[in-house]
Amino acid sequence: MRLLSSALITLLALTKLSFASSSSVLVVLDPSLDREDYSIFFGGLEGRGYNLTFRAPKDASHAITDYGVPNYDHVILFAPDTKSYAQDITPQSLVGLLSENTNLLIALSPKQTPLTSLAAEFSLILPPPETPLISHHPARSEPPTTIPVPVSSSPILTPGTPPIWFTGASHALGSTPMLVPILRAPAESFAADSTSDADSDALVTASEKGGEGLWAGSQMGLVTGFQTNVNSRVVFAGGVKMFSDEYARKELPSGGLPGNTLFVTDVAAWVFQEKMKLRIDAVDHHRVGESGAPEKYTTNDEIVYTAHISAYDSETSTWKPYSAIDDLQLEFTMLDPHIRISLPPVPGSPGTYQVQFRAPDRHGVFKFVLNWKRKGYSYLESSTTVPVVPPRHDQYPRFLSAAWPYYTGAISTSVGFFLFSALWLAGDVKGERKKGSKAE
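Per-chain numbering applies: the sequence of each chain, read as written, is numbered from 1 onward. It should be noted that, the model being predicted, local features are given only for residues of pLDDT at least 70 and side-chain atom pairs only at 80 or more, the latter also being counted only at that level, while totals for whole chains, interfaces and linings use all residues. To obtain the side-chain values, all non-hydrogen atoms of the structure were included, while hydrogens and water were left out.

Chemist: Could you clarify how one ought to interpret the overall build of the chain in this entry?
Modeler: A tally of regular secondary structure across the chain gives eight helices and 24 strands. Working rule for contacts: check all heavy atoms of both residues, and any pair within 4.5 Å makes them a contact. Long-range pairs, those at least 24 residues apart, make up 70% of the contacts in the chain between residues at least 6 apart in sequence. Surface summary for the chain: the accessible area is close to 24100 Å², and the carbon and sulfur share equals 57%. Helical segments are the DSSP runs of H or I of at least four residues, strand segments are the runs of E of at least two, and each set is numbered from the N terminus. Each accessible area value is a Shrake-Rupley result obtained with a 1.4 Å probe; residue values ignore everything except the protein chains displayed when judging cover.

Below is the structure:
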């Protein structure tokens, strides 16, 4: 029995270790799509250690959540044309997953689906239904809806990625700063419900008038990310075929293979928190010449503030010190920032950022605030509350050099008062003696 119980304990420990060292991914795949047609993309995820679970949109098994707790670390929705889902997949439940740090990769389509309303929640504005992206340039044998899209530079993507094949819908970007543009539409592309040039005059007229109904040019997005306040991520792709094996192997009009495989790998790595993931390991503060954090500071104290930041390395699954931030700022606030100062990295100390400053000549409850938000990177936020008090009665200097005029005035007034009193008293006594002598 002891041998059996120890074997069970060992098996349970190994099972927990295997789950801890890998991430679970739920893939909601439309029945019209063949899993084998996306073997390069799914195989790449499995090769990087992800455990993929596949289900149909209307399948009740493999629920996304149980009693409000997510069952998976990431969710891929490759059901762009599906109009009805199981009860556990709704726009509200998908938004709730993000608040629980579950990441989403969603493929859209030109059709009107529940995912269309979900995209609107993230400040994405989709064109009217059945209006795919169209481009007649460059010249090619493929239909106008099958477009080679140049890949612009982005910290999310590998530099030098070749153009990728794209088929699907575009979208306009809202004004929220949480959006992360990844792929823009070509400048000569537009969204229309027909591939013919019969309505080209209407497009030209709309462009001249600046009409709101014009969906054209590089202001449109094709693949866009969104990062929430809790650093969970979601990516909306305008089409699912860009992830397919067909587009990964399809030759470009200029010759050579496209960059679809590299592009979708980079996108998945970002949305699944493999890259550009940062965190604050620790912060500390103290007076100059001391090492521990005091309970309170005194006005005009010289303060040293230090932050330790690291970045996630997906290759080793470890956190490593990160010193590449050159625009980090520290605020010392009481309602409003009293001090805003740069927090530079410390040379020779990886991941350490440090600054020294003088506390303001004002007492109250202050906060050390770090609030660094850049597109694509994890948000860095930290807040530490400290009181700042005036000096004690025995901490003031005995004499202030700036107060010598007041000292001189007070002393001269006192001396003058004593002289006047002495003269007045002495003069009164002499007068009495003179009067007495006359009376005699």
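Chemist: When you look at helix H2 (residues 39-47) in this model, what are you seeing that I'm missing?
Modeler: Residues that lie three or four places apart on an α-helix share one face, since the helix turns once every 3.6 residues. The buried label goes to any residue with under 20% of its type's maximum accessible area, the exposed label to any with over 50%, and the partly exposed label to all in between, with areas taken from a 1.4 Å probe on protein chains only. Taken as a whole, H2 has its buried residues at Phe41, Phe42 and Leu45. Down the axis of H2, the buried side of the element spans an arc of 90 degrees, and every buried residue falls inside it. Next to the buried residues of H2 lie strand S1 (23-29), strand S2 (50-55), strand S5 (74-78), strand S6 (103-107), helix H6 (245-249) and helix H7 (260-271). One or two steps after H2, the chain reaches glycine 49, where phi turns positive at roughly 100 degrees. Our arc is simply the arc of the directions from the helix axis toward the C-beta atoms.

Chemist: I'm lost on unusual backbone geometry in this one. Help?
Modeler: Along the chain, histidine 137 connects to proline 138 via a cis peptide bond; the corresponding omega equals -5 degrees. In this fold, proline 138 is placed in the loop between strand S8 (133-134) and strand S9 (147-149). With phi around 65 degrees, serine 123 is a residue other than glycine that occupies positive phi space. Here serine 123 is to be found in the loop between helix H4 (114-120) and strand S7 (124-125). Residue classification places serine 123 among the partly exposed residues on the basis of a relative accessible area of 23%.

Chemist: Would you explain helix H3 (residues 91-99) in this entry?
Modeler: Every buried residue of H3 is accounted for by Leu94, Leu97 and Leu98. All buried residues of H3 project into a common sector of 100 degrees when viewed along the axis, lining one side. Against the buried residues of H3 lie strand S3 (65-66), strand S4 (69-70), S5, S6, H4 and strand S15 (233-237). Among the residues trailing H3, asparagine 101 stands out with phi positive, at a value near 65 degrees.

Chemist: For this particular structure, what's the right way to read the sheet that holds strand S23 (residues 364-372)?
Modeler: Think of a sheet as strands paired side by side through backbone hydrogen bonds, with each pair either parallel or antiparallel. Judged by pairing direction, the sheet is mixed, and its five strands sit side by side in the order S17-S24-S23-S20-S21 without closing on themselves. Sheet topology places strand S17 (297-298) and strand S21 (336-342) at the edges, where each strand pairs with a single neighbour. Note: S23 against strand S24 (residues 380-389), nine bridges, orientation antiparallel. Paired with tryptophan 372 across the strands is leucine 380, a residue of S24. Two strands are counted as paired when DSSP detects at least two bridges linking them.

Chemist: Looking at this model, I keep getting lost on the side chain of arginine 233. Mind explaining?
Modeler: Relative to the elements of secondary structure, arginine 233 occurs in strand S15. Here arginine 233 occupies a buried position and makes no salt bridge, while the nearest side chain of opposite charge, glutamate 274, is found at 9.7 Å. At a separation of 2.7 Å, a polar atom in the side chain of arginine 233 contacts the side chain of glutamine 227. Within the structure, the side chain of arginine 233 is placed 3.0 Å from the backbone oxygen of lysine 275, a separation counted as a polar contact. When charges are counted, Lys and Arg contribute as positive and Asp and Glu as negative, whereas His and the chain ends are disregarded. Salt bridge criterion: a side-chain nitrogen from Lys or Arg within 4 Å of a carboxyl oxygen from Asp or Glu. Whenever a nitrogen or oxygen atom comes within 3.5 Å of another N or O atom, the pair is scored as a polar contact, on the condition that within protein one atom can donate a hydrogen and the other can accept it, and that pairs from neighbouring residues in sequence are kept only if both atoms are in side chains.

Chemist: I would appreciate a short explanation of a nonpolar patch on the surface in the present structure.
Modeler: Without a salt bridge and with relative accessible area above 30%, a residue can belong to a patch; like charges are then joined within 9 Å and nonpolar side chains (Val, Leu, Ile, Met, Phe, Trp, Tyr) within 5 Å. On the surface, a cluster of nonpolar side chains totalling about 290 Å² of accessible area is made up of Ile411, Val415 and Leu419. Structurally, isoleucine 411 can be placed in helix H8 (residues 404-439).

Chemist: Can you help me understand the nonpolar core in this one?
Modeler: Proteins that are soluble and globular tend to have nonpolar side chains buried together. Only buried residues count toward a nonpolar core. Its members are Ala, Val, Leu, Ile, Met, Phe, Trp, Tyr and Cys residues joined through side-chain atoms within 4.5 Å. Among the nonpolar cores identified, the biggest contains 46 residues, and Phe41, Phe42, Leu45, Ile76, Phe78, Phe243 and Phe263 are the most heavily contacted of them. Top contributing element to this core by residue count: H7, with six residues. Residues in contact with phenylalanine 243, not counting those within four places in the same chain, are Tyr38, Phe41, Phe78, Leu105, Ala237 and Val264. The next biggest cluster of nonpolar side chains, apart from the first, holds 27 residues, and it includes Tyr85, Leu98, Phe226 and Val234.

Chemist: Would you take a moment to explain the pattern of salt bridges for this structure?
Modeler: A side chain with one charge can pair with a side chain of the opposite charge if their charged atoms come near. The final tally for this structure, using the stated rule, is 15 salt bridges. With its nearest N and O atoms 3.7 Å apart, the salt bridge here joins lysine 241 to glutamate 246. With its nearest N and O atoms 3.7 Å apart, the salt bridge here joins glutamate 290 to arginine 287. The partly exposed category is assigned to glutamate 290, whose relative accessible area is 38%. One network of salt bridges, in which partners are shared, links Arg287, Glu290 and Asp301.

Distances and angles like these do not, on their own, reveal function.
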